[in-house]
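Structural characterization, general
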Amino acid sequence: MGGQEIKFVQEAFDTNWVAPVGPHIGDFEQDLRSYTGAGHCSVLGSGSAAIHIGQRLLGVERRDVVLCQSFTFVATANSVLLQGATPVFVDSELETWNMCPVKLEEAIIDQQAQGKRVASIIPVHLYGMPSNMPAIMAVADKYGIPVFEDAAESLGSHINGKHTGTFGKGAALSFNGNKIITTSGGGALISDDEKLIQKARFWATQARDEAPHYEHSEQGYNYRMSNVVAAIGRGQMQVLPERIEARRANHDWYFKKLGETWLDAELRDGTVCIQNTSATGIYFLREPEGYFSNRWLTTVIVNPEETGGITRETIRLALDARNIEARPLWKPMHLQPLFSESKHYGNGVSDWLFEHGLCLPSGSNLGMAEFARIEAVLDEVFHFRMS
Ligand SMILES: *Cc1c(COP(=O)(O)O)cnc(C)c1O
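The numbers attached to residues start from 1 for each chain and follow its sequence in the written order. Note on the predicted model: pLDDT of at least 70 is required for a residue's local features to be given, and 80 or more for side-chain atom pairs to be given and counted; whole-chain, interface and lining totals, by contrast, use all residues. Heavy atoms throughout the structure, all of them, feed into the side-chain values; hydrogens and water do not.

Turning to the site of the ligand, a few remarks are in order. Taken together, 16 residues lie near the ligand, and Ser48, Asp150, Glu153, Ser174 and Lys179 sit nearest. Polar contact is defined as a pair of N or O atoms within 3.5 Å, subject to the rule that within protein one atom must be able to donate a hydrogen and the other to accept it, and that residues adjacent in sequence are counted only when both atoms are side-chain atoms. With respect to the ligand, the side chain of Lys179 contributes an N or O atom lying 3.3 Å from an oxygen atom. Using a 1.4 Å probe, accessible areas were evaluated by the Shrake-Rupley method; residue-level cover was limited to the displayed protein chains. Protein chains bury 94% of the 380 Å² of accessible surface belonging to the ligand in isolation. Contributing elements (two or more residues each) for the shell around the ligand: helix H3 (47-57) and helix H4 (74-82). The nonpolar class holds Ala, Val, Leu, Ile, Met, Phe, Trp, Tyr, Cys and Pro. Asp, Glu, Lys and Arg form the charged class, and all remaining residues, Gly among them, are polar. When its residues are assigned to classes, the shell around the ligand shows five nonpolar, eight polar and three charged. Here a residue is near a molecule or strand as soon as one of its heavy atoms is found within 4 Å of it. Going along the chain from the N terminus, every DSSP run of H or I of four or more residues is numbered as a helix, and every run of E of two or more is numbered as a strand.

Laid out in structure tokens, this is it:
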């Protein structure tokens, strides 16, 4: 926490706005709008709720297909299931690790040829890196399909100053405990379309029609954010720029420590081929020209052919033995048992990322003492290779 959160929470208690309504909600929404540049915003109980409501807002229904980035957290795809629609997965490109615009177009053409209605497209800005939104929007516009961005991990990221979440018809943000700012749990739906946001608020409050009694003509949900939670969010917005600086500084630290090599890779016949060499066998994801990533998590590719057999598991387990948590990259949805029957437009990229990728410890509160502990493990692992 930054320090101001407790003041806002105290204010909620002092004024007795301990409820899913109250002044902090509108103020937090205003903060998010002015920060991202989105026209309208509705804060909700979670990022997952925002993605789900977003699909319904875009008209996703039973029997529809939604083209969803395979390389993501399961919440993205679950939102499609909640609408009774079918998620169809699209692989990643090597430049951003996010939805490949070429595979996207292939998926649209193929699904439409099978007589399926593609109701929406969900790119994800994973680990804070913006998806290639100019290319994705060009494909989506060509076929007249609305885009919903999963910006749960990318608050503060942008392309030439335009924030992630403001390219498509709508987007979800998340303030879950692990995100770059947190309200303990929470999310938001942003859009430039005021009607969409009004509808989202209506559905999020059990679709209560205007009447003195409880009158309902549509299905709704209890997806609202509480005023107490919004109070935390207001305090967190004040420290968001610091948090991004801290995350990016973490990335710089690892980059210097682990050989300063960006990943230059190419797909050849369905195989990912690394084009350059790295002294350590470790590669980092570069920000394409004009892209700014909040670097929510620092992620690396470990190439065992250059590390003398050290894999990302070697590093992960060595850290784990010192009680330091690191994780593989997201396991793509098309490899999940839950989606074993689902159609996937693959190119091998997300499988390769999952096989060789590692999320390094990336908290905003990592200090010299923590980095010293991490460094000791890295030195041990890489010394072992040399001996
Ligand atoms: C965290 C996350 C979500 C879900 O957000 P919650 O607030 O936890 O429901 C969705 N998509 C991605 C990519 C996420 O990382």
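Our focus in this paragraph is the UniProt feature "active site" (unreviewed entry) in the protein. Within the UniProt annotation, "active site" (unreviewed entry) is assigned to Lys179. Along the chain, the position of Lys179 falls in the loop between strand S8 (170-174) and strand S9 (187-191). For every residue, the accessible area obtained with a 1.4 Å probe (protein chains only) is divided by the maximum for its type, and the residue is called buried under 20%, exposed over 50%, and partly exposed between those limits. Judged by relative accessible area, Lys179 falls into the buried class, the value being 11%. In this description, contact between two residues means that some pair of their heavy atoms is separated by no more than 4.5 Å. With residues up to four places along the chain from it excluded, the contact list for Lys179 reads Ala152, Glu153, Ser174, Arg247 and Trp296. UniProt positions are given in the numbering used here, feature names are shortened, and annotations may be inferred rather than shown by experiment.

Here the focus is the packing of aromatic side chains. By convention here, two paired aromatic rings are described through the distance between centres and the angle between planes. Classification of ring pairs uses Phe, Tyr and Trp, with its six-membered ring standing for Trp, and accepts pairs whose centres are within 6.5 Å; under 30 degrees between planes counts as stacked, over 60 as edge-to-face, and the remaining range as tilted. If you walk through the whole model with that rule in mind, you get eleven aromatic pairs. By way of ring pairs, the aromatic residues Phe71, Tyr127 and Trp296 are connected into one cluster. By definition, being over a ring means that NZ of Lys or CZ of Arg is both within 6 Å of the ring centre and within 35 degrees of the ring normal. One Lys or Arg, Arg56, reaches over the ring of Trp203 and ends 3.8 Å from the middle of that ring. Here Lys162 stacks its cationic end above the ring of Phe167, 5.2 Å away from the centre of that ring.

Our next topic: helix H6 (residues 133-143). Every buried residue belonging to H6 is among Met133, Ile136, Met137, Val139 and Ala140, and all of these are buried. All buried residues of H6 lie within an arc of 160° about the axis, which places them on one face of the element. Seen from the buried face of H6, the exposed residues on the opposite side, beyond 90 degrees, are Asp141 and Lys142. The inward-facing, buried residues of H6 abut helix H5 (101-113), strand S4 (118-122), strand S5 (148-150), strand S6 (158-159) and strand S13 (291-292). Phi turns positive one or two residues past the end of H6, at Gly144, with a value near 65°. For this quantity, the arc is that covered by the directions from the helix axis to the C-beta atoms.

It is worth spelling out the layout of surface pockets at this point. Empty space among the atoms becomes visible once a probe the size of a water molecule is rolled across them. There is about 750 Å³ of room inside the largest pocket. Throughout, the protein atoms alone are placed on a 1 Å grid, and a set of points is a cavity if a 1.4 Å probe fits but cannot get out or a pocket if it is open with protein on both sides within 12 Å along at least five of seven lines; lining residues have an atom within 4 Å of a point. In this structure, the largest pocket is lined by 28 residues; those nearest its centre are Asn178, Arg247, Trp296, Leu297 and Gly363. Element by element, the count of residues in the lining of the largest pocket is highest for helix H8 (residues 227-257), at three residues. Tallied by class, the residues present in the lining of the largest pocket amount to 14 nonpolar, eight polar and six charged. Domain delimitation in this document rests on an assignment produced automatically or drawn from a domain database. Here the lining of the largest pocket spans two domains, since at least three of its residues come from each of domain 1 (5-240) and domain 2 (242-381). Taken together, 16 residues make up the lining of the second largest pocket; nearest its centre are Pro20, Val21, Arg201, Thr205 and Arg224. Taken together, the elements giving at least two residues each to the lining of the second largest pocket come down to helix H2 (23-36), strand S1 (40-44) and helix H7 (194-204). In terms of residues, the lining of the second largest pocket owes the most to one element, S1, which gives three residues. Grid points are joined across faces, edges and corners, and a volume is the space filled by probe spheres set on the points.

This brings us to the domain arrangement of the protein. Taken domain by domain, the protein comprises domain 1 (5-240) and domain 2 (242-381). Placing the centre of domain 1 and that of domain 2 at their C-alpha centroids yields a distance of 26 Å. What counts as buried area is the accessible surface, traced by a 1.4 Å probe, that two parts surrender upon association, with contributions from both included. Here domain 1 meets domain 2 over a buried area of about 3900 Å², counting both sides, of which 64% is carbon and sulfur. A pairing counts as a salt bridge when a side-chain nitrogen of Lys or Arg comes within 4 Å of a carboxyl oxygen of Asp or Glu. For the pair domain 1 and domain 2, the number of links is zero salt bridges. At the boundary of domain 1 and domain 2, one finds 27 residue pairs in polar contact (both at pLDDT 80 or more). Elements represented by at least two residues in the side of domain 1 that touches domain 2 include exactly H4, strand S3 (86-90), H5, H6, S6 and H8.

This brings us to the sheet that holds S6. For two strands to pair, DSSP has to find at least two bridges joining them. The strand order across the open sheet built from three strands is S7-S6-S13, with neighbouring strands paired in antiparallel fashion. Edge positions in the open sheet fall to strand S7 (162-163) and S13, since each of these has one partner strand only. By the bridge criterion, two bridges tie S6 to S7 in an arrangement that is antiparallel. Each bridged residue has a counterpart across the sheet, and for His158 the counterpart in S7 is His163.

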